[in-house]
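Okay, here's what each chain looks like letter by letter:
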Amino acid sequence: MSVKLRPGAMSLADWRAIYRGKPVSLDRSCLGQVERGAEAVQELLNSGRAVYGVNTGFGKLAQSRIADTELAELQKRLVLSHAAGVGPAMPDEIVSLMMALKMASLGRGVSGVRWQVIERLEAMLAGGLIPQIPAQGSVGASGDLAPLSQLAAALIGVGTVRLGDETLDAAEGLSRLGLEPLELGPKEGLALLNGTQFSTAYALAGLFEAERGFRSALVTGAMSVDAAMGSYAPFDQRIHECRGHQGQIDAAAAYRTLLEGSDINTSHSDCSKVQDPYCLRCQPQVMGAALGVLRQAAATLMTEANAVTDNPLIFPEGPVAISGGNFHAEPVAFAADMIALAIAEIGSMSERRQAMLVDPNLSGLPAFLSPAPGLNSGFMIPQVTAAALVSENKQRAAPASTDSIPTSANQEDHVSMAAHGARRLMDMTRNLQAIVALEWLTAAQGLDFHAQLSSSAPIEAARKILRADISRLEDDRFFAPDIARATEMIAEGAIESIAEMPGVGE
């Protein structure tokens, strides 16, 4: 089933489904408003008025008036000159999400493009024709110019595209789908390359991967509680209702669900231990705070994903073209910084639990979780790897939004840095996947020392999924394949839905 693209009315679940690979079909009910916007552009041209980006130059060159005979050439040259990105190509799934976001924005009908521009994006998505777009070069204002120009270039037959396993010239790729390069009309090049869709696509991708990492870390955190024979008292509903933070309340409820029915817990109900380390005891507080931050970021990004962010905007009533600054991606930059903070803290708590489990003084388990420590090093170095990844994420969590550098001869004198603020999230979430995978391996090994007892049904299910691919560590072996496979499984969502789990929103 496809996702119906309803401009201005998309849910977070819709964008999540598109990112995860669902096809897109455009809701034709927006046709009328799009056509009215295009007609308004023509009326403005006929009036002889100067309209920024329609019959003028751009940025610092906005005072240059362009002759009517050169308007199509103006849009083409705008696209070609702004396609100046560098670096590795964007992942195909994020390009597809960016294209869908651009369709939704143009479909609101105030960007002044013809219907066929939106149809062309839809046809390329439907045909699996994905522009190859360098991922570096945007500062997040005036929109994501360089990457969106590369997208626009593909529509006019310039640049390269991917079709299946082939990389082709854009014109050849269009031809394979029975399409001709598009000739841009007035305002259309500007509408395509102006906007925040690159930053928003990356931020949404980071959000969805962070959500999966968060939910998986709830599971591995609960596994660590039973592996260390930790107390369930810190998850008592009454504690969290007294504080009142919804994320914390929801996280605590998830831990109760994950741990309910564990024989391991009842086996030590009368032990002398009074309190556990914070990495166990304060999981609802830390994970709940992370969930709250992710939900705030999700709300911002859902608004942005449904927004119109190019400039100027064309309002048919009048008609009038109004220049503003919706292309400034500060909301996305803030959201990306929030997501980065959450990712860093989720990973930090996970690594602390791993460090606790391998320390016999804290966990009560054999040193480094080896049945024969000394000859074997066990889980000594996996914890070091987790520590290294956590420190990388801490460095990457420094805010991008507080940085700015003037561009375009000081016409664009304050920029958001949303683009790389959002783009770094993918590296951070890959680190988080590995950190959580390492805890999964570590906690499962710890649970194996309680083999005579069962944990809860969800925890035993998570252990069974892991053990189907990766056996218990008896003597030291080549660890890298185990870690790679566990990380791959976390990235695929192997345990995120092992029980009813809180998320960032629908």
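In what follows, the accompanying structure is described. (Residues numbered from 1 in each chain as written. Predicted model: local features only at pLDDT ≥ 70, side-chain atom pairs only at ≥ 80, totals over all residues. Heavy atoms only, no water.)

## What about the overall build of the protein chain?
- For the protein chain, the count of helices and strands is 20 helices and nine strands.
- For the protein chain, whose C-alpha radius of gyration is 26 Å, the value lies close to the compact-globule estimate of 23 Å for 506 residues.
- Taking the principal axes of the C-alpha coordinates as reference, the protein chain spans close to 85 × 50 × 45 Å.
- Out of the 506 residues belonging to the protein chain, those deemed buried represent 56%.
- With an accessible surface of roughly 19900 Å², the protein chain has 53% of that area assigned to carbon and sulfur atoms.
- The average position of the 40 basic charges and that of the 56 acidic charges among the side chains of the protein chain differ by 2 Å. (Helix = DSSP H or I, 4+ residues; strand = E, 2+ residues; numbered from the N terminus. Rg over C-alpha atoms; globule rule 2.2 N^0.38 Å. Buried < 20%, exposed > 50% of the residue type's maximum accessible area, 1.4 Å probe, protein only. Areas by Shrake-Rupley, 256 points an atom, 1.4 Å probe, with all protein chains shown as cover. Lys, Arg positive; Asp, Glu negative; His and termini not counted. Charge placed at Lys NZ, Arg CZ, Asp CG, Glu CD.)

## Overview of the environment of Gly 185
- Tracing the backbone through its elements, the reader meets Gly 185 in the loop between helix H7 (170-176) and helix H8 (188-193).
- Look at Gly 185 and you get buried, because its relative accessible area is 10%.
- Spatially, the C-alpha atoms of Gly 185 and Gln 42 are 9.8 Å apart, while their sequence positions differ by 143 residues.
- Aside from chain neighbours lying at most four places away, what touches Gly 185 is Gln 75 and Arg 114. (Contact = heavy atoms within 4.5 Å.)

## Considerations on the sheet that holds strand S4 (residues 129-131)
- One open sheet holds the three strands; their spatial order is S4-S6-S7, and the pairing between them is antiparallel. Where the open sheet ends on each side, the last strands, each with one partner, are S4 and strand S7 (166-169). For this sheet, the mean angle separating the axes of adjacent strands, direction not counted, is 35°.
- Set on the sheet, helix H4 (residues 92-106) makes contact with S4 and strand S6 (160-163); between it and S4 the angle comes to about 95°. (Pairing = 2+ DSSP bridges. Axes fitted to C-alpha atoms, helices over the stretch in contact; angles between N-to-C directions.)

## Some words on helix H1 (residues 12-19)
- Counting buried positions along H1 gives seven out of eight residues, so the element sits mostly inside the fold.
- Of all the positions in H1, only Leu 12, Asp 14, Trp 15, Arg 16, Ala 17, Ile 18 and Tyr 19 are classed as buried.
- Its buried side turned inward, H1 meets strand S1 (3-5), strand S2 (24-26), H4, helix H9 (197-227), helix H14 (283-305) and helix H18 (418-448).
- Residue Gly 21 follows H1 closely and has a positive phi angle near 110°.

## Thoughts on the pairing of S6
- Residues of S6 alternate between two faces, with Val 161 and Leu 163 buried on one and Thr 160 and Arg 162 left unburied on the opposite face.
- Pairing of S4 with S6, which is carried by three bridges, proceeds in the antiparallel orientation. Along S6, the bridge assignment pairs Leu 129 with Leu 163.
- Where S6 and S7 come together, four bridges link them in antiparallel fashion. When the sheet's bridge partners are listed, Thr 160 is paired in S7 with Asp 169.
- Between S6 and S7, which follow one another and run antiparallel, lie two residues, and Gly 164 among them has a positive phi close to 65°.

## Some points on the state of the cysteines
- All told, the structure shown has zero disulfides when counted by the stated rule.
- Counting only cysteine sulfurs, Cys 282 is the nearest neighbor of Cys 242, a cysteine outside any disulfide, at a range of 16 Å. (Disulfide = S-S within 2.5 Å.)

## Observations regarding the pattern of salt bridges
- With the rule as written, the count across this model stands at 29 salt bridges.
- Ionic pairing is found between Arg 176 and Glu 172, a salt bridge with its closest N-O pair at 2.9 Å. A residue pair is termed a helical-turn pair when its members lie 3 or 4 positions apart in one helix, as Arg 176 and Glu 172 do in helix H7 at four residues.
- Here Arg 463 makes a salt bridge to Glu 460, at a shortest N to O gap of 2.8 Å. Of this pair, Arg 463 and Glu 460 both sit in helix H19 (residues 457-467), three residues apart, which is roughly one turn of the helix.
- For Glu 460, a relative accessible area of 22% puts it in the partly exposed group.
- Shared partners join several salt bridges into a network, and the residues in it are Asp 448, Glu 460, Arg 463, Arg 467, Arg 472 and Glu 474. (Salt bridge = Lys/Arg side-chain N within 4 Å of Asp/Glu carboxyl O.)

## Considering the environment of Tyr 202
- Relative to the elements of secondary structure, Tyr 202 occurs in helix H9.
- A sequence separation of 111 residues divides Tyr 202 from Pro 91, and the C-alpha atoms of the two residues are 9.8 Å apart.
- When residues no more than four places from it in sequence are discounted, the contact partners of Tyr 202 are Met 90, Pro 91, Ile 94, Ala 135, Ala 422, Arg 423 and Met 426.

## Some remarks on the side chain of Gln 150
- Checked against the element boundaries, Gln 150 lands in helix H6 (residues 145-155).
- Among the residues examined, Gln 150 registers a relative accessible area of 17% and is labelled buried.
- Those residues in contact with Gln 150 that sit more than four places away from it in its chain are Ala 83, Gln 132, Ile 133 and Pro 134.

## Side note on the nonpolar core
- Counting residues in each nonpolar core, the largest one holds 151 residues, and the members touching the most others are Trp 15, Leu 204 and Leu 207.
- With 17 residues, the single largest contributor to this core is H9.
- Discounting chain neighbours no more than four positions away, the residues touching Leu 204 are Leu 12, Trp 15, Leu 97, Leu 101, Leu 301 and Ala 305. (Core = buried A, V, L, I, M, F, W, Y, C linked by side-chain atoms within 4.5 Å.)

## Side note on empty space enclosed by the protein
- One pass over the structure, following the stated rule, counts two cavities of 30 Å³ or more.
- Put simply, the largest cavity is a space of about 40 Å³.
- Surrounding the largest cavity, Phe 379, Leu 441, Gln 445, Arg 467, Ile 470, Ser 471, Arg 472, Leu 473, Arg 477, Phe 479 and Asp 482 form its lining.
- Taken together, the residues that form the lining of the largest cavity break down as five nonpolar, two polar and four charged.
- As for the second largest cavity, its lining consists of Leu 101, Ser 105, Gln 197, Thr 200, Glu 304, Ala 305 and Ala 307.
- Secondary-structure elements contributing two or more residues to the lining of the second largest cavity are H4, H9 and H14. (1 Å grid on protein atoms, 1.4 Å probe; cavity = no way out; pocket = protein on both sides within 12 Å on 5 of 7 lines; lining within 4 Å. Points joined across faces, edges and corners; volume = space filled by probe spheres on them. Nonpolar A, V, L, I, M, F, W, Y, C, P; charged D, E, K, R; others polar.)

## Notes on helix H11 (residues 246-259)
- The end-to-end C-alpha separation of H11 is 20 Å, in line with the 20 Å expected for 14 residues at 1.5 Å each.
- Along H11, the residues that are buried comprise Gly 247, Gln 248, Asp 250, Ala 251, Ala 252, Ala 254, Tyr 255, Leu 258 and Leu 259.
- Buried residues along H11 sit against H9, helix H10 (237-243), H14 and H19.
- Just downstream of H11, Gly 261 is the residue with a positive phi angle, here 90°. (Expected span 1.5 Å × (residues − 1).)

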